[in-house]
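# Coordinate inspection notes
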Amino acid sequence: RDFEREYGKLQQLEEQTRRLQKDMKKSTDADLAMSKSAMKISLDLLSNPLCEQDQDLLNMVTALDTAMKRLDAFNQEKVGDWVLVWGGFGSVFPSLNMAVKRREQALQDYRRLQAKVEKYEEKEKTGPVLAKLHQAREELRPVREDFEAKNRQLLEEMPRFYGSRLDYFQPSFESLIRAQVVYYSEMHKIFGDLTQQLDQPGHSDEQRERENEAKLSELRALSIVADD
């Protein structure tokens, strides 16, 4: 019962760790997809004929492309760090499960030979039966010792392994939080630098919005886009 209880706790921990890794992969994949999409946007803009016709626009798009490349490089580094942190703990479970399988095989061998001993013990104690009983007991002894050793080792180490989860995950979560702080600080710096390069003095966001709306109104007034 002690073994089943301890192993059950580790199986639950393995499932929870697997879910964490799966969710983390979704998060990192989304971050990578975002930066890749942003890079594609800047590349598409650079290949647009408009940039060939307007130097100011070309300068703006080139600055955007440089910023997106910086963002993607930082994203790649962040994802690599997260994979190292979150993949480490989960990599231990296959070895643990293999040790449990070896213990289960030893248990089956033990039970098989124990049943053989019990069968001869129930028979009439004739000379041949006693000889077979002695042989069966000799076969059983090393198998029992092997099982007991494997069982004892797991019962000692499984609680220690389960208890180590806090020592591992707490600094891992702290690392995750720090990485997020650095990531968004870097994003703020990248886009802050980009804004300074692109910004037109004296233009607020409201002014730009009004200018864009005025341009759209002019376009809507054209006969080729007028409503029927």
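Remember, predicted model here, so these are calculated numbers, not experimental data.

Analysis parameters
- Residues numbered from 1 in each chain as written.
- Predicted model: local features only at pLDDT ≥ 70, side-chain atom pairs only at ≥ 80, totals over all residues.
- Heavy atoms only, no water.
- Helix = DSSP H or I, 4+ residues; strand = E, 2+ residues; numbered from the N terminus.
- Rg over C-alpha atoms; globule rule 2.2 N^0.38 Å.
- Buried < 20%, exposed > 50% of the residue type's maximum accessible area, 1.4 Å probe, protein only.
- Contact = heavy atoms within 4.5 Å.
- UniProt positions renumbered as here; feature names shortened; annotations may be inferred.
- Salt bridge = Lys/Arg side-chain N within 4 Å of Asp/Glu carboxyl O.

### Overview of the overall build of the protein
- In terms of regular secondary structure, the protein is built from six helices and zero strands.
- If you list the helices and strands of the protein from N to C, you get α-α-α-α-α-α.
- The C-alpha radius of gyration of the protein comes to 34 Å, more than 25% above the 17 Å expected for a compact globule of 228 residues.
- Its C-alpha atoms give the protein principal-axis dimensions of roughly 115 × 45 × 25 Å.
- Counting every position in the protein, which comprises 228 residues, the buried fraction comes to 27%.
- A separation of at least 24 residues holds for 79% of the contacts in the protein among residues at least 6 apart in sequence.

### Digging into the UniProt feature "coiled-coil region" (unreviewed entry) in the protein
- Mapped onto the present numbering, the UniProt feature "coiled-coil region" (unreviewed entry) falls on residues 3-30 and 96-123.
- In residues 3-30, helix accounts for 100% and strand for 0%; the two terminal C-alpha atoms are 40 Å from one another.
- With 96% helix and 0% strand, the stretch residues 96-123 has end C-alpha atoms that lie 41 Å from each other.

### Thoughts on the side chain of E14
- Following the sequence through the fold, E14 ends up in helix α1 (residues 2-46).
- We classify E14 as buried; its relative accessible area is 16%.
- If sequence neighbours within four positions are ignored, E14 has contacts with F93 and N97.

### Here we look at the pattern of salt bridges
- The final tally for this structure, using the stated rule, is 17 salt bridges.
- A salt bridge links K116 to E139; the shortest N-O distance between them is 3.4 Å. Pair noted here: K116 is in helix α4 (residues 93-122) and E139 is in helix α5 (residues 127-198), with a separation of 23 residues, a long-range link.
- The exposure class of K116 is partly exposed, given its relative accessible area of 30%.
- Its relative accessible area of 27% is what places E139 among the partly exposed residues.
- If you follow the salt bridges from partner to partner, you end up with E14, E15, R18 and R19 in one network.

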